[in-house]
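Secondary and tertiary structure notes
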Amino acid sequence: MITESEDISEIRRAVQALCAEFPGAYWREKDSERAYPGEFVDALTKAGFLAALIPEVYGGSGLKLDAAAVIMEEIQAAGCNGASAHAQMYIMNTLLKYGSEEQKQEYLPRIATGELRLQAFGVSEPTSGTDTLSLRTVAVRDGDEYVINGQKIWTSRAEYSDLMMLLARTTPREEVASKTEGLSIFLVDMRKVVGPKSEAGGGMTIKPIRTMMNHSTTEVFFDDMRIPASALVGEEGKGFRYILSGMNAERILIAAECIGDAKWFIKKASDYASERNVFGRAIGQNQGVQFPIARCYAQMCAAELMVHHSAQVFDAGGNPGAEANMAKLLASEASWAAADMCVQTHGGFGFAEEYDVERKFREARLYTVAPISTNLILSYLAEHVLGLPRSY
């Protein structure tokens with residue numbers, strides 16, 4: 001078992017207490033209606049959990065990533081859905097590291113109090129997917145403004161966010177020496193631009209995408225959208241390297257969520273197997289039932305160590321590219337294995353909404369695909385860790 005400080009243990013207890021106010025019935029209703037769990041996000045914000053990574057000088061808790069990972073893990077372990085709010089954790093990293101002091105002063109205190117939500121991350125596009133360097137959204141400087149045209153997809157929570165961290169090309173790809181250059185990051189105040197083009201400089205259109213699970217994801221279109229030049233984060237053309245660190249944080253936090261999911265599935269299966277009697281005995285007494293549960297527990301514990309290690313490397317200022325990718329790979333696979341096991345343990349009841357297993361099963365499936373697929377992680381490890389020839 002991982003040894004934790006009393007502060008981390010206290011965070012776990014506090015998150016558990018908050019999540020107890022949002023039982024399965026709440027999530028089943030939101031899932032049925034495909035509704036955003038605004039009450040849950042508001043509660044997380046009021047408790048200060050979504051401001052965990054914001055320095056105290058800006059009104060946050062000033063915690064490190066390992067503490068943020070614990071928050072997200074416990075949300076999932078309680079049967080809740082952290083995807084409704086997790087982006088604010090990992091998007092924050094780009095603003096904290098590369099934002100100007102003026103940007104931090106303007107936005108961070110209001111994000112910490114919940115006056116503003118930073119939940120939307122505009123990166124993926126229909127034609128490029130995870131081939132980020134091939135994105136086509138373009139930002140052209142026009143005096144004191146940038147004019148943006150293009151399209152993003154899988155931009156989750158865009159309908160419920162006030163701010164969007166947006167990656168766009170500011171220099172044509174054929175004009176840069178390295179394909180990693182020429183991309184820039186913008187912090188877009190969505191309140192000023194959502195809607196059709198107008199004299200006020202609108203031009204952002206948001207279209208919801210209905211998916212297997214209640215994920216509040218969207219497609220976003222930019223049509224001559226004008227934003228102030230002050231929205232640029234850091235130096236123009238350096239945006240790709242800026243988001244890499246944020247992507248590591250994203251993978252670690254989502255890996256922590258997967259650990260929480262695995263813990264939920266394992267406990268759910270263990271409790272059911274102990275209580276469910278068939279042929280005069282608890283089904284958990286049968287090795288055919290208990291062995292899969294035990295195997296999933298061992299798999300989860302191994303993945304949990306990798307998640308913990310990757311967060312430590314991140315917090316120490318290292319480059320946890322390999323660690324973050326391995327954490328996400330191992331944790332998502334542990335979560336999915338536990339989800340499958342939990343359904344099998346419950347039999348027909350695993351498909352009944354009232355048990356919450358089928359909802360969590362659908363939600364867990366996402367993370368072997370997003371935010372980066374298993375195959376791309378394996379390609380990264382093969383090339384950058386093992387020194388094998390580049391596969392793509």
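What you are looking at is a predicted structure, and each value in this text was computed from that prediction instead of being measured. Each chain carries its own residue numbering, running from 1 in the direction its sequence is written. Local features in this predicted model are restricted to residues whose pLDDT is 70 or higher, and side-chain atom pairs enter the listing and the counts only when it is 80 or higher, whereas totals over whole chains, interfaces and linings include all residues. Note that water and hydrogens are dropped before the side-chain values are worked out from all heavy atoms of the structure.

1. Here's the deal with the overall build of the protein chain
Operational definition: Numbering of helices and strands runs from the N terminus; a helix is a DSSP stretch of H or I covering at least four residues, while a strand is a stretch of E covering at least two. A radius of gyration in this sense is built from C-alpha atoms; the matching globule rule multiplies 2.2 Å by the number of residues raised to 0.38. For every residue, the accessible area (1.4 Å probe, protein chains only) is compared with the maximum for its type, and the residue is labelled buried under 20%, exposed over 50%, or partly exposed between those bounds. Here a residue-residue contact requires only that any non-hydrogen atoms of the pair lie within 4.5 Å. Surface accessibility in these figures is a Shrake-Rupley result with a 1.4 Å probe; residues are shielded only by whichever protein chains are displayed.
Scanning the protein chain for helices and strands turns up 11 helices and 10 strands. Since a compact globule built from 392 residues should have a radius of gyration of about 21 Å, the 21 Å found for the protein chain is in line with a globular shape. With 392 residues in all, the protein chain has 55% of them scored as buried. Taking all contacts inside the protein chain whose residues are at least 6 apart in sequence as the whole, residues at least 24 apart take part in 72%. Surface summary for the protein chain: the accessible area is close to 17400 Å², and the carbon and sulfur share equals 52%.

2. Overview of the pairing of strand S7 (residues 217-228)
As a reminder of what qualifies: For two strands to be treated as a pair, DSSP must find no fewer than two bridges joining them.
Pairing between strand S3 (residues 145-153) and S7: eight bridges, direction antiparallel. Residue pairing for S7: Gln-151 is matched across the bridge by Phe-221. As defined by bridge partners, strand S6 (residues 204-209) adjoins S7 across six bridges and the pair is classed as antiparallel. Looking at S7, one finds that Ile-209 is bridged to Thr-217.

3. Let's talk about the pattern of salt bridges
For clarity, the cut-off: Any Lys or Arg side-chain nitrogen located within 4 Å of an Asp or Glu carboxyl oxygen qualifies as a salt bridge.
Taken as a whole and assessed by the stated rule, the structure comprises 25 salt bridges. In this structure, Arg-28 engages Asp-356 in a salt bridge whose closest nitrogen and oxygen atoms are separated by 2.9 Å. Here the residue Arg-28 occupies a position in helix H2 (residues 24-33), and Asp-356 occupies one in the loop between helix H9 (321-346) and helix H10 (357-365), the gap between them amounting to 328 residues. Using a relative accessible area of 9% as the deciding quantity, one classes Asp-356 as buried. With its nearest N and O atoms 2.7 Å apart, the salt bridge here joins Asp-42 to Arg-117. Separated by 75 residues along the polypeptide, Asp-42 in helix H3 (residues 38-46) and Arg-117 in the loop between helix H6 (101-113) and strand S1 (118-122) bring together distant segments of the chain. Residue class for Asp-42 comes out partly exposed when judged on its relative accessible area of 44%. The buried category is assigned to Arg-117, whose relative accessible area is 17%. Taken together, the shared-partner salt bridges connect Glu-4, Arg-12, Glu-73, Glu-74, Lys-263 and Glu-304 into one network.

4. Some words on H3
Because each turn of an α-helix spans 3.6 residues, side chains separated by three or four positions end up pointing in the same direction. Threshold: Along the arc lie the directions from the helix axis toward the C-beta atoms.
Considered for burial, the residues of H3 that qualify are Gly-38, Phe-40, Val-41, Leu-44 and Thr-45. The arc enclosing the buried residues of H3, seen along the axis, measures out at 160°, which places them on a common side. On the buried face of H3, the contacting elements are helix H1 (6-19), H2, helix H4 (65-77), H6 and S1. Gly-48 sits one or two positions beyond H3 and adopts a positive phi of about 90°.

5. What about the packing of H2 against H3?
For any two helices packed against each other, one specifies the crossing angle of their axes together with the interaxial distance. To be explicit about the condition: In this analysis, axes come from line fits to C-alpha atoms, helices being fitted only over the stretch in contact, and the angle between any two N-to-C directions falls in the range 0 to 180 degrees. Relative orientations are named as follows: roughly parallel for angles under 35 degrees, roughly antiparallel for angles over 145 degrees, roughly perpendicular for angles from 65 to 115 degrees, and oblique for any other angle. Throughout this entry, Asp, Glu, Lys and Arg are counted as charged residues, while Ala, Val, Leu, Ile, Met, Phe, Trp, Tyr, Cys and Pro are counted as nonpolar. The remaining residues, Gly among them, count as polar.
Two elements in contact, H2 and H3, have axes separated by 10 Å at closest approach and are oriented at 130°. Considering the angle they form, H2 stands oblique to H3. Facing H2, whose interface residues are Tyr-26, Trp-27 and Lys-30, H3 presents Gly-38, Glu-39 and Phe-40. The residue inventory of the contact of H2 with H3, partitioned by class, reads three nonpolar, one polar and two charged.

6. Let's talk about the packing of aromatic side chains
Defined as follows: Centre distance within 6.5 Å is the pairing criterion for rings of Phe, Tyr and Trp, where only the six-membered ring of Trp is used; planes under 30 degrees apart are then read as stacked, over 60 as edge-to-face, and the remainder as tilted. Each ring is checked for a lysine NZ or an arginine CZ that lies within 6 Å of its centre and within 35 degrees of its normal; such an atom marks a charge sitting over the ring.
The final tally for this structure, using the stated rule, is 13 aromatic pairs. These aromatic residues form a ring-pair network of at least three members: Phe-22, Tyr-26, Trp-27 and Phe-40. The positively charged end of Arg-365 is found above the aromatic ring belonging to Trp-336, 5.3 Å away from the centroid. Here the basic side chain of Arg-390 rests over the ring of Tyr-392, its NZ or CZ set 4.5 Å away from the ring centre.

7. As for the pairing of strand S4 (residues 163-169)
Moving residue by residue along a regular strand, the side chains alternate between the two faces of the sheet. Of all seven residues that make up S4, seven are buried, and the element is covered over most of its length. Alternating positions in S4 separate into two faces, Leu-163, Met-165, Leu-167 and Arg-169 on one and Met-164, Leu-166 and Ala-168 on the other, with burial throughout. In this structure, S1 lies alongside S4, joined through four bridges in parallel fashion. Pairing of Leu-118 across the sheet is with Leu-163, part of S4. With seven bridges connecting them, S4 and strand S5 (residues 183-189) associate as antiparallel partners. Its bridge partner being in S5, Met-164 is matched across the sheet by Val-188.

8. A closer look at the nonpolar core
Using the following cut-off: Working definition of a nonpolar core: buried Ala, Val, Leu, Ile, Met, Phe, Trp, Tyr and Cys residues. They are joined through side-chain atoms within 4.5 Å.
Among the nonpolar cores identified, the biggest contains 95 residues, and Phe-40, Ile-71, Ile-75 and Ile-111 are the most heavily contacted of them. Sort the elements by how many residues they give to this core and helix H7 (residues 239-275) lands first, with 18 residues. Once residues within four sequence positions are removed from consideration, Phe-40 is found in contact with Leu-18, Cys-19, Phe-22, Tyr-26, Trp-27, Ile-75, Cys-80, Asn-81 and Ser-84.

Don't take any of this as a statement about function, it's just geometry.
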